[in-house]
Amino acid sequence: MAAILETKGIEKSYSSPHGKLHVLRGIDMRLEQGEMMFITGRSGSGKSTLLHLLGLLDTCDKGQLFFAGENVTKLNDRKTCKLRNGSIGFLFQFYNLLPELTVLENVTLPGLIGKRKKVTQRAKELLEQVELVERMKHFPHQLSGGEQQRVGLVRALINEPALVLCDEPTGNLDEESSEMVMRLIRRLNKERKQTFCIVTHDEIIAREGNSKLHLRSGVLHSPAA
Ligand SMILES: Nc1ncnc2c1ncn2[C@@H]1O[C@H](COP(=O)(O)OP(=O)(O)OP(=O)(O)O)[C@@H](O)[C@H]1O
Ligand SMILES: [Mg+2]
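I will try to describe carefully the structure that is included in this document. Source: prediction; values computed, not measured.

In this section: the coordination of the magnesium ion (ligand 2). Binding of the magnesium ion (ligand 2) to the protein goes through Ser 48 (OG) and Gln 93 (OE1), at separations of 2.0 to 2.2 Å. Of this pair, Ser 48 sits in helix α1 (residues 47-54) while Gln 93 sits in the loop between β6 (88-91) and α3 (103-113), and the two are 45 residues apart along the sequence.

Quick look at the structure:
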């Protein structure tokens, strides 16, 4: 069976005043349906860059990306949006909530765009699980960093995507709140077989996945390597 996500030789550079910055130098990875994968790496090693490529939020310079066996490296904008909205949830490292929308509006928006049913009910259930129902009518600037992070997670989950990409889902949370977030992720992974790829600095949460990779010098290493 095809992996839900597979990359072959992905490379990505940025231009900088000091010349070309080769952030990703050949990423080969395979994420199976139902897997929970953790990616660790030092600050600046390219974890967010990689996750953005996997989430079709950016394009690579070289290499190929396959989603459920389909080559999606060079999809047109319409197909990319459809795939992202329907099948990929993304929790941004810096949340990216829309400032003029309330919590409830922020998290239901992808569901309304995708014309999903029972979006509000599902949003409330998910907000309940991350203890944010009482903040439903708040605007992002009226939330703490950790609360915005949890709102970002609910938004990523609202369309029940097959693949959820999380950039530091517990980066701003205390131990108890981290456990609450991980409980939700674990449950969705187990019960709904949703696939998770999680970037983290948190060695404790990284212990529990099916697989763990470390990004160093632009390539992925298994921890033993
Ligand atoms: N748009 C950009 N233009 C130029 N350089 C960039 C751009 N985005 C990222 N970089 C550089 O690419 C490198 C990787 O950045 P990235 O955000 O992927 O790191 P990271 O591993 O997610 O770090 P952190 O753990 O701090 O979040 C960094 O050195 C960064 O300065
Ligand atoms: Mg990052």
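Back to the text.
For the structure on display, the rule yields one aromatic pair. Residues Phe 90 and Phe 92 carry aromatic rings whose centres are separated by 4.7 Å and whose planes lie at 45 degrees to one another, so their mutual orientation is tilted. For Phe 90, a relative accessible area of 10% puts it in the buried group. A relative accessible area of 18% places Phe 92 in the buried class.

A few words on the sheet that holds strand β4 (residues 62-67). Read from one edge to the other, the open sheet built from four strands follows the order β2-β1-β4-β5, with strand pairing classed as antiparallel. The open sheet is flanked by β2 (19-31) and β5 (70-71), the only strands paired with a single partner. Both β4 and β5 contribute to a ladder of two bridges, which runs antiparallel. Of the residues in β5, the one forming a bridge with Phe 66 is Asn 71. Against the sheet, α1 touches β1 (5-16), β2 and β4, its axis set at about 55 degrees to β2.

So, about the site of ligand 1. By nearness alone, 13 residues border ligand 1, and Ser 43, Gly 44, Lys 47, Thr 49 and Gln 93 come closest of all. For ligand 1, an oxygen atom lies 3.2 Å from a polar atom in the backbone of Ser 45. Contacts to ligand 1 include Gln 93, whose side-chain N or O atom sits 2.8 Å from an oxygen atom. Coverage of ligand 1 by the protein amounts to 61% of the 640 Å² it exposes when considered alone. Counting only elements with at least two residues in the shell around ligand 1, the list comes to β2 and α1. Considering every element that reaches the shell around ligand 1, the biggest residue donor is α1, with three residues. For the shell around ligand 1, the per-class residue count stands at three nonpolar, eight polar and two charged.

Conventions used here
- Residues numbered from 1 in each chain as written.
- Chains lettered and ligands numbered in written order.
- Predicted model: local features only at pLDDT ≥ 70, side-chain atom pairs only at ≥ 80, totals over all residues.
- Heavy atoms only, no water.
- Donors = N, O, S within 2.8 Å, 3.2 Å for Na, K, Ca; no water.
- Helix = DSSP H or I, 4+ residues; strand = E, 2+ residues; numbered from the N terminus.
- Phe/Tyr/Trp six-rings, centres within 6.5 Å; stacked < 30°, edge-to-face > 60°.
- Buried < 20%, exposed > 50% of the residue type's maximum accessible area, 1.4 Å probe, protein only.
- Pairing = 2+ DSSP bridges.
- Contact = heavy atoms within 4.5 Å.
- Axes fitted to C-alpha atoms, helices over the stretch in contact; angles between N-to-C directions.
- Near = heavy atom within 4 Å.
- Polar contact = N/O pair within 3.5 Å; in protein donor to acceptor, adjacent residues only side chain to side chain.
- Areas by Shrake-Rupley, 256 points an atom, 1.4 Å probe, with all protein chains shown as cover.
- Nonpolar A, V, L, I, M, F, W, Y, C, P; charged D, E, K, R; others polar.

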